[in-house]
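Residue strings, one per chain:
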Amino acid sequence: MIQAFGLTSNPRKELPPAVDDVSFEARAGRVTALLGAPGAGKTTALRLMLELQQGRGVTYFRGRPLRRIAHPSREVGVLLGDVPGHPARTVRSHLRMLCAAAGVPVRRADEVLEVVGLVSLREERLGTLSRGMDRRLGLACALLSDPHTLVLDDPVGGLSARESRWLYGMLRAHAHQGGTVLITATDPKEAARTADRIVTIEEGRLVADQEAADFSRTRLRPRVAVRTPHAARLATLLTKEARTAQRSVEVVREGGSRLSVYGSTCADVGETAYRHGILVHQLADEIGDMGPGAGESPPDVPQATQNGHRLDAIREPDTAAHGPAAATAPGTAEAQLKPSADEPGSDAAAFRPEAVDGADRPSSAVAHEGHLDPGGSRQVPSPLAQDGQADHGEAGETRLVAEADHSGAHEAGSAGAADVSDRPATPAHTSADSATTRHPCADAAPQPAKGASPQRPPRHRPTAGVTTLTALSELPPPISVRPAPSPLRPLRYELRRATGVGTGFLTGAAVLVVSALTAALLARVGHTPQHRLLAAWPQELPLPPAALGAGLLGAFAFGDEFRHPALAADRGTVPRRLGLLAAKLVVCAATALLLAFLTVGCDAEVLYLLYGPELAQVPADWLPLSASWFGLVIGCAWAGVLAAGIFRSTTAGLAAVVAVPVLVVPLVQKALEGPAVRTAAGFPLRLREGLLLQWPFGGERYLSAAARMIAQPVGGALTLSLMALLCAYVLTTLRSRVR
């Protein structure tokens, strides 16, 4: 169960907050839809709930805020946008890497692949997946840790009708097993068909929180879809007959040969077409959507009257997303707002999943409730904004509205209409079992019988035993961005991350080729010492190719995390925990050792093949030279890891590696210039006496060799650089935790 109280985002300069005091519930075993137009604040509300954005409010997942949950991925499965994985990684490798991060067995990856139907595509690259396959992979990532709650932002965006039905079926199955599902949607008809409860957000505010049946009754209405080659003629005849019979019928011409008729039935439209000999290709009941501008008269079109009766002017909206302005005759207001369940065009008959195929046919109509006050003026509620709306002044569909008012109709219309409050309620707590009115257009009260006095709908009060947010404090508690959890198995995660993409292998192969060519050229030119010849390190270059390659691999270790944040599938921050850093340092050190060994071996083999065994001989002082060589390569790899983790960029990591010999080494050399008054001779012996320990296996020699390496300009510069980068990394980690 999800309980969100007082979600409010921080103001954006002079603009109002994107989300303002939003409170709702999503119960277990049900699918809850957060409905709103693009830009209404749905994604911001989800980010506030997941503590990915600063603001105010509190959200409980089964009674606990997310930061109080030890392993959030095992409680909440999140999908915000596309899957943030490396495009060169395979589907199976990506899921196995996330298994190591979540601490679940690796076989779980194959299980979720089978559930979402991606078994045949498990070796496909992420960059080659279609939109539908990416949605399936995103759902697999959300289900990987078997969470109780699923939070999905626009899960069917860009999907076909078939893929949308499959995805909603998966979410419904998860809810039937007792899980909680919260999704965002922009299509009211789709939300009413797939969700159990619908929370409507408009301009960052909560305007309605209703059950699906109440939502379909109050915010959707039926229509008759007609397709005929004589659309203009049939529209004129239907409007003329409605005016003659004093019925509220609205005809919307959607372009081409299609019409949408509101306030009529298939039988009436078919009889009119038959009487006038009009060929009809399609005649079917549909559910109309509610969209922007419903019921609003254009400001540039005056109201016309004919024989004392008011007629709604004809106007042309630009797209099918605009809904028809409800032309409600006062004498028929009650019949239009509350149609009979036996009528084919009524809400009760039309809103049945088996009778509606809204996913396969476009919807262009907009439905709303028009209420008549005792004075005879019509009160039009604020509708729900829809995607794809444009200005009312542009040319598009032709709307024909016939409405006749007669002298004795005001009493009946006033008696049959519900008085709607002009002030929307601001709830602090919403019960999932009752539909609470949030906005004048949120819910219409049942219509009383004719002749009865109009009554106000009863106010919904908070459920007993539930403490409202305003009773706790005037302002909701602040929301701070939670730190991303570190992988539960960081070493296994880092191994799968490094080996799942071919970048490391290509970099290593390029280093070996460049190093072998450089060694061959240096041997041909001559005047290069033996140890530099084997390392392919000319005097003119600051670093050998192997050291640069190791630094680049180290920079990739953290650079790819920020570029493709697989650990932050919910678009949170990349973790900076010391456990993950230690795993990256260990893996990079092992990779650098392997690269250094292979480089010397390949160079020696190339020199042997080209110039004979003379140049491939092992130097006499191979032990200290090997230690210096391995220390240089490992130090460059670690410098790349730390710099990329601090500056969040692969380029910055590689730049830090190059800066060590270019900038730091000259500074160290200048500091060591001139004669030394004192030396550190006898340092290993004095260290053994101070620690009162006997060095095994002649450890004094190794310690002395390490001290001599650090005393060299390059070794000293690299050591100082690593210490500075490590301190900076720890400080940034502590700073992020304090924030």
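So, a few notes on the structure that sits alongside this text.

Each value, and the rule that gives it
- Residues numbered from 1 in each chain as written.
- Predicted model: local features only at pLDDT ≥ 70, side-chain atom pairs only at ≥ 80, totals over all residues.
- Heavy atoms only, no water.
- Axes fitted to C-alpha atoms, helices over the stretch in contact; angles between N-to-C directions.
- Helix = DSSP H or I, 4+ residues; strand = E, 2+ residues; numbered from the N terminus.
- Parallel < 35°, antiparallel > 145°, perpendicular 65-115°, else oblique.
- Left-handed = near helix turned anticlockwise from the far one by under 90°.
- Contact = heavy atoms within 4.5 Å.
- Nonpolar A, V, L, I, M, F, W, Y, C, P; charged D, E, K, R; others polar.
- Polar contact = N/O pair within 3.5 Å; in protein donor to acceptor, adjacent residues only side chain to side chain.
- Pairing = 2+ DSSP bridges.
- Core = buried A, V, L, I, M, F, W, Y, C linked by side-chain atoms within 4.5 Å.
- Buried < 20%, exposed > 50% of the residue type's maximum accessible area, 1.4 Å probe, protein only.
- Expected span 1.5 Å × (residues − 1).
- Salt bridge = Lys/Arg side-chain N within 4 Å of Asp/Glu carboxyl O.
- Phe/Tyr/Trp six-rings, centres within 6.5 Å; stacked < 30°, edge-to-face > 60°.
- Lys NZ or Arg CZ within 6 Å of the ring centre and 35° of its normal.

### Considering the packing of helix 14 (residues 490-499) against helix 18 (residues 578-611)
Part 1: Taken N-terminus to C-terminus, the directions of helix 14 and helix 18 make an angle of 50°; their axes are 9 Å apart at the nearest point. With respect to each other, helix 14 and helix 18 are oriented oblique. The element helix 14 and its partner helix 18 pack so that their crossing is right-handed. Of the residues in helix 18, those touching helix 14 at Pro-490, Leu-491, Tyr-493, Glu-494, Leu-495, Arg-497 and Ala-498 are Gly-579, Leu-580, Ala-583, Lys-584, Val-586 and Val-587.
Part 2: For the contact of helix 14 with helix 18, the per-class residue count stands at 9 nonpolar, 1 polar and 3 charged.

### Brief notes about the environment of Thr-184
Part 1: If you trace the backbone, Thr-184 turns up in strand 7 (residues 180-185).
Part 2: Between the C-alpha atom of Thr-184 and that of Thr-32, which follows or precedes it by 152 residues, the distance is 8.5 Å.
Part 3: Residues within four places of Thr-184 in sequence aside, it is in contact with Leu-34, Lys-42, Leu-46, Leu-152, Asp-153, Asp-154 and Pro-155.
Part 4: Among the polar contacts made by the side chain of Thr-184, one reaches the side chain of Asp-153 at a distance of 2.7 Å.

### Overview of the sheet that holds strand 2 (residues 22-26)
Part 1: Taken together, the 4 strands give an open sheet; going across it, the order is 2-1-4-20, and neighbouring strands pair in antiparallel fashion. Two strands in the sheet have a free side with no partner beyond their single neighbour: strand 2 and strand 20 (478-479).
Part 2: With 6 bridges joining them, strand 1 (residues 2-9) and strand 4 (residues 55-61) adopt antiparallel strand pairing. Of the residues in strand 4, the one forming a bridge with Ser-9 is Gly-55.
Part 3: Relative to the sheet, helix 1 (residues 42-49) contacts strand 1, strand 2, strand 4 and strand 20, its axis offset from that of strand 1 by approximately 115°.

### Quick word on the nonpolar core
One broad rule of soluble globular proteins: the nonpolar side chains tend to lie buried together.
Part 1: Counting 52 residues, the largest nonpolar core has Leu-95, Leu-137, Leu-139, Leu-171 and Ile-183 as its most contacted members.
Part 2: Those elements that place two or more of their residues in this core are strand 3 (31-35), helix 2 (91-102), helix 3 (107-116), helix 4 (131-143), strand 6 (149-153), helix 5 (161-176), strand 7 and helix 6 (188-194).
Part 3: Examining the composition of this core, we find that 8 residues originate from one element, helix 2, more than from any other.
Part 4: In this structure, Leu-585, Trp-629, Cys-636 and Tyr-729 belong to the second largest nonpolar core, which totals 43 residues.

### Let's talk about the environment of Ala-655
Part 1: Examined against the element boundaries, Ala-655 turns out to sit in helix 20 (residues 650-671).
Part 2: Each C-alpha atom of the pair Ala-655 and Gly-551 lies 9.2 Å from the other, and the pair is 104 residues apart in sequence.

### Brief notes about helix 19 (residues 622-647)
Part 1: An ideal rise of 1.5 Å per residue puts 38 Å on 26 residues; helix 19 measures up with 37 Å between its terminal C-alpha atoms.
Part 2: Of the residues flanking the end of helix 19, it is Arg-648, one or two places downstream, whose phi is positive at about 60°.

### Re the pattern of salt bridges
Side-chain pairing between opposite charges can occur once the charged atoms of the two side chains come close.
Part 1: Taken as a whole, this structure holds 20 salt bridges when the rule is applied.
Part 2: Arg-92 is the partner of Asp-110 in a salt bridge, and the nearest nitrogen-oxygen pair spans 3.2 Å. Of this pair, Asp-110 sits in helix 3 while Arg-92 sits in helix 2, and the two are 18 residues apart along the sequence.
Part 3: One network of salt bridges, with partners in common, ties together Arg-30, Arg-197, Asp-209 and Glu-211.

### Focus: the packing of aromatic side chains
Any pair of aromatic rings gets described here by the distance separating the centres and the angle formed by the planes.
Part 1: Under the defined criterion, the tally for this structure stands at 3 aromatic pairs.
Part 2: Residues Phe-558 and Phe-562 carry aromatic rings whose centres are separated by 6.2 Å and whose planes lie at 35° to one another, so their mutual orientation is tilted. Placement of both Phe-558 and Phe-562 in helix 17 (residues 545-563) is noted, with a separation of 4 residues, approximately one turn of the helix.
Part 3: Geometrically, the ring pair formed by Phe-558 and Tyr-729 is tilted, given 5.9 Å between the ring centres and 40° between the ring planes. Placement of the pair is Phe-558 in helix 17 and Tyr-729 in helix 23 (residues 713-738), with a sequence separation of 171 residues. The burial state of Phe-558 is the same as that of Tyr-729; both residues are buried.
Part 4: Counting every residue linked through ring pairs, the aromatic cluster contains Phe-558, Phe-562 and Tyr-729.
Part 5: Across from the ring centre of Trp-166, 3.9 Å away, lies the NZ or CZ of Arg-136, which sits over that ring.
Part 6: Of note, Arg-532 hangs over the ring of Trp-537, and the distance from its end group to the ring centre comes to 4.5 Å.

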